Amino acid sequence: MSGRRPSTLGMTIALVLAGLAGARADDEIQVYTGEIAEVGRWTGQHHFNYALVGRKQPEFPGGLVPNRTLNATPEFAYGVTDWFEAGFYVPWAIDNNGYHSNAMKLRTLFVTPNAAKRDFFYGLNIEYQYLMPKFADTRWGMEIRPIIGWRKGDYDLIINPIVDLSFGKNGEVTFLPNVRFARNFGEDFALAIEYYTDLGPIGRFLPFREQGHNIYGVVDFKVNRFDVEFGVGYGLTQGSDRWMTKLMLTTNLYDSPSEESQTSLNGKLKKVQTAKAPVRKAPTKPAMEPVYNYSGCFAGGYFGGSFAPDVEATDPTSAGTFYNAPFANVANGGLYRVPFDKISPIAGGTLGCNWQARGSSIVFGAEAETGYMRLSAAATDPYSAAYNSDTFDKIVIGNWYGAIAGRAGWVADRALFYGKAGIGFTGLKQSVTDTCNAAPCSSNLLNASNSDTRAFLVAGGGIEWAFTGNWTVKMEYLFLNLNDSHAVCGAGGGTTFCSNHTLNGVHTTKLGLNYKLF
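Residues numbered from 1 in each chain as written. Predicted model: local features only at pLDDT ≥ 70, side-chain atom pairs only at ≥ 80, totals over all residues. Heavy atoms only, no water.

Some words on the nonpolar core
By size, the foremost hydrophobic cluster in this structure holds 30 residues, and its most contacted members are Val338, Met373, Ile397 and Leu480. Counting residues per element, the ones that place at least two in this core are strand E17 (311-314), strand E20 (335-338), strand E22 (362-380), strand E23 (391-412), strand E25 (446-466) and strand E26 (471-480). For Leu480, the contacting residues outside a window of four places in its chain are Met373, Tyr401, Phe456, Leu457, Val458, Gly505, Val506 and Thr508. (Core = buried A, V, L, I, M, F, W, Y, C linked by side-chain atoms within 4.5 Å. Buried < 20%, exposed > 50% of the residue type's maximum accessible area, 1.4 Å probe, protein only. Helix = DSSP H or I, 4+ residues; strand = E, 2+ residues; numbered from the N terminus. Contact = heavy atoms within 4.5 Å.)

Details of the state of the cysteines
The final tally for this structure, using the stated rule, is two disulfides. The partner cysteine of Cys297 in its disulfide is Cys353, sulfur to sulfur 1.9 Å. An S-S torsion of about 95° defines the bridge between Cys297 and Cys353 as right-handed. Pair noted here: Cys297 is in strand E16 (residues 296-307) and Cys353 is in strand E21 (residues 344-355), with a separation of 56 residues, a long-range link. Taking the relative accessible area as the measure of exposure, Cys353 reaches 34% and is therefore partly exposed. Through a disulfide, Cys489 is tied to Cys498; the S-S separation comes to 2.0 Å. Residues Cys489 and Cys498 are joined by a disulfide whose S-S torsion is about 110°; by sign, that bridge is right-handed. The class of Cys489 is partly exposed, set by a relative accessible area of 34%. (Disulfide = S-S within 2.5 Å.)

What about the packing of aromatic side chains?
Scanning the entire structure with this criterion turns up 24 aromatic pairs. Both rings, one in Trp42 and one in Tyr78, keep their centres 5.2 Å apart while their planes meet at 45°; by these two values the pair is tilted. Residue Trp42 is located in strand E1 (residues 42-53), and its partner Tyr78 is located in strand E2 (residues 70-79); the two are separated by 36 residues in the primary sequence. When the ring of Tyr78 is compared with that of Trp410, the centres are 5.4 Å apart and the planes differ by 80°; the resulting orientation is edge-to-face. One end of the pair, Tyr78, is in strand E2; the other, Trp410, is in strand E23, and 332 residues separate them in sequence. An aromatic cluster is built from Trp42, Phe76, Tyr78, Phe88, Trp410 and Phe417, whose rings are joined through pairwise contacts. Between the NZ or CZ atom of Arg145 and the centre of the ring of Tyr32, over which it lies, the distance is 4.1 Å. For Arg407, the ring lying beneath its charged end belongs to Tyr418, and the centroid distance is 4.6 Å. (Phe/Tyr/Trp six-rings, centres within 6.5 Å; stacked < 30°, edge-to-face > 60°. Lys NZ or Arg CZ within 6 Å of the ring centre and 35° of its normal.)

Details of the pairing of E23
Strand direction decides the pairing type here: E22 and E23, joined by 19 bridges, are antiparallel. Pairing of Tyr372 across the sheet is with Trp400, part of E23. Sheet topology note: the E23/strand E24 (residues 415-434) ladder contains 19 bridges and is antiparallel. In the sheet register, Phe392 faces E24, and the bridge partner there is Thr433. Once E23 ends, the chain turns through two residues before running back antiparallel as E24, passing Asp413 with a positive phi of about 60°. (Pairing = 2+ DSSP bridges.)

Remarks on empty space enclosed by the protein
Summed over the entire model, instances satisfying the criterion amount to two cavities of 30 Å³ or more. Counting residues per element, the ones that place at least two in the lining of the largest cavity are E16 and strand E29 (506-516). Class assignment of the residues belonging to the lining of the largest cavity gives a composition of five nonpolar, five polar and two charged. If you trace the second largest cavity, you find it lined by Ile29, His47, Phe48, Asn49, Glu229, Lys246, Leu247 and Met248. (1 Å grid on protein atoms, 1.4 Å probe; cavity = no way out; pocket = protein on both sides within 12 Å on 5 of 7 lines; lining within 4 Å. Points joined across faces, edges and corners; volume = space filled by probe spheres on them. Nonpolar A, V, L, I, M, F, W, Y, C, P; charged D, E, K, R; others polar.)

Quick notes on unusual backbone geometry
Asn399 follows Gly398 through a cis peptide bond whose omega is 20°. Summarising the element assignment, Asn399 is placed in strand E23. Despite not being glycine, Arg68 shows a phi value in the positive range, around 55°. Here Arg68 shows up in the loop between E1 and E2.

Quick word on the side chain of Thr69
The residue Thr69 is located in the loop between E1 and E2 in this model. One polar contact links the side chain of Thr69 to the main-chain carbonyl oxygen of Val65, over a distance of 2.6 Å. The residues touching Thr69, leaving out its near neighbours within four places in the chain, are Asn49, Tyr50, Ala51, Leu64, Ile94 and Asp95. (Polar contact = N/O pair within 3.5 Å; in protein donor to acceptor, adjacent residues only side chain to side chain.)

Overview of a nonpolar patch on the surface
Judged by side-chain polarity, Leu52, Val53, Ile193, Ile215, Phe230, Val232, Tyr234, Leu236 and Trp243 come together as a nonpolar surface patch covering roughly 740 Å² of accessible area. Elements that contribute at least two residues to the nonpolar patch include exactly E1 and strand E14 (226-235). Ranked by residue count, the leading element in the nonpolar patch is E14, at three residues. By the secondary structure assignment, Leu236 is in the loop between E14 and strand E15 (243-252). (Patch = residues over 30% accessible without salt bridge, like charges linked within 9 Å, V, L, I, M, F, W, Y side chains within 5 Å. Areas by Shrake-Rupley, 256 points an atom, 1.4 Å probe, with all protein chains shown as cover. Salt bridge = Lys/Arg side-chain N within 4 Å of Asp/Glu carboxyl O.)

Structure (structure tokens):
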């Protein structure tokens, strides 16, 4: 409070900055080969990479520590033409602090048609990235990945000279050339050596020992409908993770006619229909794949994770006087941050309905969800350091949340690519307390708190895939726009002091399973 006396007349502030500007975490370790999804078809791919023995310092302050961190990237791609593929990612990671989401990335891939059958092929992949604080120290980024490849008999040589761009205060342009040399044994098995580098900013490359240089032994093979790529990598420099593993699983997101074209949605056999003459004798051409219709109501469950950026807080004030004067004053505004120190798991249930006109690819619907979510942020007011650090700030979002949203999407085969928006609800508890009443602190304690339910907008999107007649699986990102300022007020020595808390929203990703009721 304003009547406090500091134990010392001055304070020394030290600021230490570490890490590389524009650095970001690896969420996929792959050399692009120029092969793309079939025209009009969806494919799904999931990357996993794990640092068995990795660097023990983050690449930038507050970032993920690579050692024993699992990075993963679900990826969905659609063949637009025989030379153009569009896709999107929803990356995530798990470290000692739990689950972290890296929001979403979009990409466009342009290649020479039928690259797998050409002696020389080339292409260009461009990613558009919105990045989360744990993964990068800039919010916006872009990757430009040229693809240059040669094939001679059973041998492939492919180069990806990647240019990575990040935008904003810490933005820069870095160069990460990668190469793959493979020996193919038929169509379903290959052995390869892959080399990945991170040379640093273009025009001022890092010293060799600080650069990333990793060599991988890789095996590619097929299991039923899944293409599997597994590799073990070794780091050659101090700037590399020493031992890494990677796994990549790829499959199409549609059924071949032999699997379901002769089965109705309720599992009963039906008459084979052909494109030209349904009533005539079946021709030699395969039957047309039935179109899946998303109309109907459904119920399901989900699980995933959520995180929120730091809360922006102020030292409590009363009539222009800061509680921790003179350290909090007009010059610094009494501003500080309260970090959310844990990633919250989320889990719950969903109930909704869809409508899709017969023969149309457009889907409209509405759904409600409710579940568990708890995000906790806590910090000591830095301006109370001279008073035995006695002013404590805490914010809790949850323990529950709910949302009602409309959604609209587009169907290709059995995949529904959708966006959604609506309104959400959750509980919010906030407190600012003073725990010291002995010298050098004042005998008057601050106790400010409130607890209420907040309503906010939600928006996001995802992909849902019908893998049988009634069951669907979905991957979704949803932003909870809990993004405004709230005053937390309470008595402090006979005077009411208020601290402002500014929240910056909550990011969630989830994997869900739904069952169509009718």
